[in-house]
Amino acid sequence: MKIEYQDIITLSDDNKYVVASKVDYKNTCYLYLVDINNHSNIKIVKIDADDSLLELNQMEDHELITKLIPLFYNFSKDVLKS
């Protein structure tokens, strides 16, 4: 499964999310997802080796999320420039 920036995907919660940002970090692809009907509902997920999406937990993955946020920002900033 190839997921790209601005794709719309439906997760197991039956909500549709737009890929707001996509980054590779340490050979793993991470997505920043925003619910298209409730913009305050966001998820950060990683694409696993078998192409499944695994949601990061804010408490358990806090350090990783802290490293990913600036990368998501830079990706979005670069996209807006082009």
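Residues numbered from 1 in each chain as written. Predicted model: local features only at pLDDT ≥ 70, side-chain atom pairs only at ≥ 80, totals over all residues. Heavy atoms only, no water.

A.B. asks: When you look at the pattern of salt bridges in this model, what are you seeing that I'm missing?
C.D. replies: Once their charged atoms are close, side chains differing in charge can pair, the charge on each being opposite to the other. One pass over the structure, following the stated rule, counts four salt bridges. Across the pair Glu63 and Lys67 runs a salt bridge whose closest N-O atoms are separated by 3.6 Å. In this pair, Glu63 and Lys67 both sit in helix α1 (residues 62-81), four residues apart, roughly one turn of the helix. Look at Glu63 and you get exposed, because its relative accessible area is 58%. Bridged by salt links that share partners, the residues Lys2, Glu4 and Lys22 form one connected network. (Salt bridge = Lys/Arg side-chain N within 4 Å of Asp/Glu carboxyl O. Helix = DSSP H or I, 4+ residues; strand = E, 2+ residues; numbered from the N terminus. Buried < 20%, exposed > 50% of the residue type's maximum accessible area, 1.4 Å probe, protein only.)

A.B. asks: Help me out: how do you make sense of the sheet that holds strand β5 (residues 53-55) in this one?
C.D. replies: Within a sheet, each strand pairs with its neighbour through backbone hydrogen bonds, oriented either parallel or antiparallel. Overall, antiparallel pairing links the five strands, which are arranged β1-β2-β3-β4-β5 in an open sheet. Pairing within the sheet leaves two strands with one partner each, and these edge strands are β1 (8-10) and β5. This sheet shows a mean twist of 45° between the axes of neighbouring strands, independent of strand direction. Two strands pair when backbone bridges link them, and strand β2 (residues 16-25) and strand β3 (residues 28-35) are joined in this way by eight bridges, in the antiparallel orientation. When the bridges of β3 are listed, Tyr17 appears paired with Asp35. On top of the sheet, α1 reaches β2, β3 and β4 (42-47); it is set at about 105° to β2, its chief contact. (Pairing = 2+ DSSP bridges. Axes fitted to C-alpha atoms, helices over the stretch in contact; angles between N-to-C directions. Contact = heavy atoms within 4.5 Å.)

A.B. asks: Would you explain unusual backbone geometry in this entry?
C.D. replies: Working note: non-glycine residues mostly have negative phi, and peptide bonds are mostly trans. Unusually for a residue other than glycine, Asp14 sits at a positive phi of about 65°. Mapping Asp14 onto the fold places it in the loop between β1 and β2. Judged by relative accessible area, which is 66%, Asp14 ranks as exposed.

A.B. asks: I keep staring at the nonpolar core and nothing clicks. Help me out?
C.D. replies: Across soluble globular proteins, nonpolar side chains show a tendency to be buried alongside one another. With ten residues, the main nonpolar core is built from Ile3, Ile9, Leu11, Tyr17, Val19, Cys29, Leu31, Leu33, Val45 and Ile47. When contributions to this core are tallied by element, the ones reaching two or more residues are β2, β3 and β4. Contacts of Val45, omitting those with residues within four sequence positions, involve Cys29, Tyr30, Leu31, Leu33, Leu53, Leu54, Glu55 and Leu56. Membership of the second largest hydrophobic core comes to eight residues, among which are Val23, Tyr30, Ile44 and Ile65. (Core = buried A, V, L, I, M, F, W, Y, C linked by side-chain atoms within 4.5 Å.)

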